[in-house]
Amino acid sequence: DESELRAVFEATIERHDRIEPRDWMPEAYRKTVIRQVAQHAHSEIIGMQPEGNWITRAPSLRRKAILLAKVQDEAGHGLYLYSACETLGVSRLELTEMLINGKQKYSSIFNYPTLSYADVGTIGWLVDGAAICNQVPLCRTSYGPYGRSMIRICKEESFHQRQGYELLATMMRGTDEQREMVQESVNRFWWPALMMFGPPDDDSPNTAQSMAWGIKRNTNDDLRQRMVDMTVPQAKALGVTLPDPELRWNEERQSHDFGSPDWDEFKDVITGNGPCNTQRIAHRRRAHEDGAWVREAAMAFAARGAEA
Ligand code: ACO
């Protein structure tokens, strides 16, 4: 009966073991994992747009090949994550429809424009850097298919982060104008990158329950702190400044103190009013509609195979 099933579920969580697709799970757990994994998958897919914007204008064949491969990796991440989500009984088509109808979210960061080629490097360094901070602990998330997909995704994300850092380091060895481009890009992306970790813990409705279920392994503020501590020495090595006058080392805490992102801006962006929300969703909707004939042809072909 249900109380026995619930006890098995709770014991599994208690042991920090995995919940698998065929295991019993509370409906609220299923809903929360679907919400988080879908949001994560959508972020990978929408995240192809800001960088994809520069593929045709990359400054060399080498940079173009790197960028193409990177954007393709994001598509791959989206697909693993949609597959992980499908194990919970929701189809990729339904998930895509919830994305384009605004019923499910994707990361705030991808609603900012990419105004210069340096943004490709900054996204690799800061955005993929934030993604790694957030996702390495998710390799130990309680839902098996999600955790396993994270292992491979994190390997690729850490390669992306190095790629971005290397691009910026190359520009920093270039002309004054190139150095200015890097600094201007870092100034625009720093705060939005810190917002990726979500609202402060005391304003995060989902953290407590998601931590209790082992879906999340750390709180939003915890991971944001890790990101700051990881990035400060890298910024120094690059020779860029981070646009936060309150940023300083705190000897007592052995960590950096830092200012607060503009949480009103964050709320605007996640409720659909960021600089590029409309454009991102319109583009995704168009791609989905333009692909309808491919899905129909594939279904018709599969049905013919089944008849034969
Ligand atoms: N962008 C958009 N929405 C966000 C963001 C963000 N940066 N941070 C929080 N939210 C949303 C939450 O989804 C939630 O809304 P919902 O209830 O309608 O779904 C609301 O704000 C309140 O936030 P929390 O209670 O803190 O939500 P949660 O516990 O889900 O934590 C977090 C948010 C940290 C983003 C978590 O979902 C997570 O770790 N997700 C996996 C990582 C991920 O999605 N990465 C994608 C970007 S990285 C990349 O693709 C390169």
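Summary of the structure given here. (Residues numbered from 1 in each chain as written. Predicted model: local features only at pLDDT ≥ 70, side-chain atom pairs only at ≥ 80, totals over all residues. Heavy atoms only, no water.)

**A few points about the layout of surface pockets**
Where empty space is left in the structure can be found by rolling a water-sized probe over the atoms.
Right, on to step 1. By volume, the largest pocket amounts to about 1,200 Å³.
Right, on to step 2. Residue lining of the largest pocket: 50 residues in total, with Arg35, Gln36, Gln39, Met196 and Gly198 positioned closest to the centre.
Right, on to step 3. At the level of elements, helix H2 (27-46), helix H3 (48-52), helix H4 (61-86), helix H6 (118-135), helix H7 (144-172), helix H10 (220-238) and helix H11 (263-273) are the ones that each hand at least two residues to the lining of the largest pocket.
Right, on to step 4. With eight residues, the top contributor of residues to the lining of the largest pocket is H2.
Right, on to step 5. Of the residues contributing to the lining of the largest pocket, the split by class is 20 nonpolar, 16 polar and 14 charged.
Right, on to step 6. Roughly 480 Å³ of internal volume is contained in the second largest pocket.
Right, on to step 7. Surrounding the second largest pocket, 19 residues form its lining, Ile45, Met48, Arg92, Arg284 and Ala287 being those nearest its centre.
Right, on to step 8. Where the lining of the second largest pocket is concerned, the elements lending two or more residues are H3, H4, helix H5 (92-100) and helix H12 (277-290).
Right, on to step 9. Residue contributions to the lining of the second largest pocket peak at five residues, all from H4.
Right, on to step 10. Its residues assigned to classes, the lining of the second largest pocket comprises eight nonpolar, seven polar and four charged. (1 Å grid on protein atoms, 1.4 Å probe; cavity = no way out; pocket = protein on both sides within 12 Å on 5 of 7 lines; lining within 4 Å. Points joined across faces, edges and corners; volume = space filled by probe spheres on them. Helix = DSSP H or I, 4+ residues; strand = E, 2+ residues; numbered from the N terminus. Nonpolar A, V, L, I, M, F, W, Y, C, P; charged D, E, K, R; others polar.)

**A word on a negative patch on the surface**
Right, on to step 1. A contiguous patch of negative charge, built from Asp262, Asp264, Glu265 and Asp268, is present on the exposed surface.
Right, on to step 2. Position of Asp268 relative to the elements: it lies in helix H11. (Patch = residues over 30% accessible without salt bridge, like charges linked within 9 Å, V, L, I, M, F, W, Y side chains within 5 Å. Areas by Shrake-Rupley, 256 points an atom, 1.4 Å probe, with all protein chains shown as cover. Salt bridge = Lys/Arg side-chain N within 4 Å of Asp/Glu carboxyl O. Lys, Arg positive; Asp, Glu negative; His and termini not counted. Charge placed at Lys NZ, Arg CZ, Asp CG, Glu CD.)

**Things to note about the environment of Ser83**
Right, on to step 1. Note that Ser83 resides in helix H4.
Right, on to step 2. Residue Ser83 is classed as partly exposed on the basis of its relative accessible area, which comes to 42%.
Right, on to step 3. Measuring from C-alpha to C-alpha, the distance between Ser83 and Pro145 comes to 8.5 Å, with 62 residues separating the pair along the chain. (Buried < 20%, exposed > 50% of the residue type's maximum accessible area, 1.4 Å probe, protein only.)

**Describing the site of the ligand**
Right, on to step 1. Taken together, 28 residues lie near the ligand, and Gln39, Lys105, Ser108, Ser204 and Lys216 sit nearest.
Right, on to step 2. Note that a nitrogen atom of the ligand is positioned 2.8 Å from one of the backbone N or O atoms of Ser108.
Right, on to step 3. Structurally, the ligand is housed in the largest pocket.
Right, on to step 4. Residue assignment for the shell around the ligand shows that the elements contributing at least two residues are H2, H6 and H11.
Right, on to step 5. For the shell around the ligand, the residue count by class is twelve nonpolar, twelve polar and four charged. (Near = heavy atom within 4 Å. Polar contact = N/O pair within 3.5 Å; in protein donor to acceptor, adjacent residues only side chain to side chain. Sits in = over half its atoms within 2 Å of the grid points.)

**Describing the pattern of salt bridges**
Right, on to step 1. By the definition in use, this model includes 16 salt bridges.
Right, on to step 2. Taking the shortest distance from any N to any O, the salt bridge between Arg62 and Glu166 comes out at 3.6 Å. Residue Arg62 is located in helix H4, and its partner Glu166 is located in helix H7; the two are separated by 104 residues in the primary sequence.
Right, on to step 3. The partner of Arg152 in a salt bridge is Glu156, and the shortest N-O contact between them spans 4.0 Å. Here the residue Arg152 and the residue Glu156 both occupy positions in helix H7, the gap between them amounting to four residues, near one helical turn.
Right, on to step 4. Residue Arg152 is classed as partly exposed on the basis of its relative accessible area, which comes to 48%.
Right, on to step 5. One connected set of salt bridges, linked through shared partners, spans Glu51, Lys70, Glu74 and Asp128.

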